[in-house]
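The lines below spell out each chain.
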Amino acid sequence: MNARKNPRRNSGRRRHTPGISPSLRVVRESRNKKEESFPFGPTLVPLHEKPHIEAGSMASRAGPRASGTDGSDFQHRERVASHYQMSVALKSEIRKLNIVHVLIWVLMAAQVTVSQLSLVSHRMVASPYQWEYPYLLSIIPTTFSFLALPRNNISYLVISMISTGLFCVAPLMYGGMEMFPVAQQLYRHGKAYRFIFGFSAVTVMYLVIVIAVQVHAWQIYYSKKLLDQWFTSTQEKKKK
C-alpha cells in the first residue's frame with residue numbers, strides 16, 4: 001500500500017542527500033535558480049588567471065599617455081611646447097623682415113649699378129648719395145640671419161645683430177644727415193636737382209630710410225627675443 005502512494009505527493013517532497021545539511025542545500029538551490037534566470041551573467045575568473053595590468057600602461061582621463069612618462073611632468077612639457085611655439089613665431093617674423101630688407105637692398109643696388117655703368121640717363125635715375133655705398137654691406141647681417149634660423153645658431157644670430165647696427169643703422173643715420181640740407185632747400189624753395197623717374201630723389205630716399213629704419217629696428221628686437229628663447233632652452237637642457 002505504501003509503494004502505491006500517489007506519486008504527486010512524493011514529487012513535492014525534497015530528496016534528502018546524505019552528508020549535506022538542509023541549509024547548504026537551500027543555498028545551492030537558490031544559486032542554481034539565479035544562474036538559470038541570468039544565463040548570460042559574468043563568468044568568474046580565478047585570481048591566478050586574471051591578466052596583470054601595469055600602472056604605467058593605464059590611460060589617463062584626458063586620453064592615452066605618452067610612453068616613458070607617468071604624467072607628472074606635464075608642466076615641463078607645456079613649458080617646452082610654449083618655448084617651441086614662440087621660437088617658431090619669432091623665426092617667421094624675422095624671415096619676413098629679412099625678405100623686405102632684401103627687396104630694399106636690390107633696389108639700392110640697382111640704382112648704384114645703373115648709375116655707375118651709365119645704363120640710363122642721370123636725369124632719369126640720379127646718381128646715388130654717399131651713404132648708399134656703405135649701405136650695400138647691409139646684406140651681410142641679413143645673410144647671417146638666414147643662416148642662423150634653420151639650426152638655431154646663436155653665434156650667427158649675434159653676428160647678425162651686431163652687424164645690423166654697423167652696416168644698416170649707421171649708414172641710414174648718416175644718410176639722413178647728408179640729405180637734410182637738400183631736403184631743407186626743397187622744402188623752402190621747391191627746387192630739386194636730382195630725380196628718380198620724375199620724382200625728387202631726396203624725397204624717395206627719405207622714404208626708403210624711414211622704411212629701412214623700421215625694418216632693421218624690428219629685426220634687432222625680434223632677434224633679441226629669439227636669442228633669449230634659445231638661451232633659456234639651452235639652460236634647461238643643461239639642467240637635465
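Residues numbered from 1 in each chain as written. Predicted model: local features only at pLDDT ≥ 70, side-chain atom pairs only at ≥ 80, totals over all residues. Heavy atoms only, no water.

Draft legend 1. Main features of the side chain of Ser163. With respect to the helices and strands, Ser163 occurs in helix α6 (residues 154-189). The exposure class of Ser163 is buried, given its relative accessible area of 6%. A polar atom in the side chain of Ser163 sits 2.7 Å from the backbone oxygen of Ile159. From its side chain, Ser163 meets the backbone oxygen of Ser160 in a polar contact 3.2 Å long. Those residues in contact with Ser163 that sit more than four places away from it in its chain are Pro141 and Cys168. (Helix = DSSP H or I, 4+ residues; strand = E, 2+ residues; numbered from the N terminus. Buried < 20%, exposed > 50% of the residue type's maximum accessible area, 1.4 Å probe, protein only. Polar contact = N/O pair within 3.5 Å; in protein donor to acceptor, adjacent residues only side chain to side chain. Contact = heavy atoms within 4.5 Å.)

Draft legend 2. Spatial organisation of the side chain of His216. Structurally, His216 can be placed in helix α7 (residues 201-239). Looking at His216, its side chain comes within polar contact range of the side chain of Tyr135, at 2.9 Å. Within the structure, the side chain of His216 is placed 2.9 Å from the side chain of Gln219, a separation counted as a polar contact. Discounting chain neighbours no more than four positions away, the residues touching His216 are His101, Tyr135, Thr164, Cys168, Val169 and Leu172.

Draft legend 3. Structural context of the nonpolar core. Counting 14 residues, the largest nonpolar core has Met108, Tyr129, Trp131, Tyr135, Leu172, Met179 and Met205 as its most contacted members. At the level of secondary structure, the elements contributing two or more residues to this core comprise α3 (74-117), α6 and α7. Top element by residues in this core is α7. It accounts for five residues. Leave out the neighbours within four places in its chain, and Leu172 touches Trp131, Tyr135, Ile209, Ala212, Val213 and His216. With 12 residues, the next largest nonpolar core counts Ala148, Leu157, Tyr222 and Leu227 among its residues. (Core = buried A, V, L, I, M, F, W, Y, C linked by side-chain atoms within 4.5 Å.)

Draft legend 4. Quick look at the packing of aromatic side chains. Counted by the stated rule, this structure contains five aromatic pairs. For the ring pair Trp218 and Tyr221, a centre distance of 5.7 Å and an interplane angle of 85° mean the geometry is edge-to-face. Here Tyr221 and Trp218 lie together in helix α7, a separation of three residues that amounts to about one turn. Taking relative accessible area as the criterion, Trp218 reaches 44% and is therefore assigned partly exposed. Here Tyr221 falls in the partly exposed class, since its relative accessible area comes to 41%. With centroids separated by 5.5 Å and ring planes inclined at 25°, the aromatic side chains of Trp218 and Tyr222 adopt a geometry described as stacked. On the criterion of helical spacing, the pair formed by Trp218 and Tyr222 is a turn pair, its members being four residues apart in helix α7. We classify Tyr222 as buried; its relative accessible area is 19%. Put simply, the rings of Trp218, Tyr221 and Tyr222 pair up and form one aromatic cluster. (Phe/Tyr/Trp six-rings, centres within 6.5 Å; stacked < 30°, edge-to-face > 60°.)

Draft legend 5. Structural context of the packing of helix α5 (residues 139-151) against α6. For the pair α5 and α6, the least separation of the axes is 8 Å and the interaxial angle reads 160°. For the element pair α5 / α6, the angle class is roughly antiparallel. The two elements α5 and α6 meet at a crossing, and its hand is left-handed. Counted together, Ile140, Pro141, Phe144, Ser145, Leu147 and Ala148 of α5 and Tyr156, Leu157, Ile159, Ser160, Ser163, Thr164, Phe167 and Cys168 of α6 form the full contact between these two elements. Considered class by class, the residues forming the contact of α5 with α6 number 10 nonpolar, four polar and no charged. (Axes fitted to C-alpha atoms, helices over the stretch in contact; angles between N-to-C directions. Parallel < 35°, antiparallel > 145°, perpendicular 65-115°, else oblique. Left-handed = near helix turned anticlockwise from the far one by under 90°. Nonpolar A, V, L, I, M, F, W, Y, C, P; charged D, E, K, R; others polar.)

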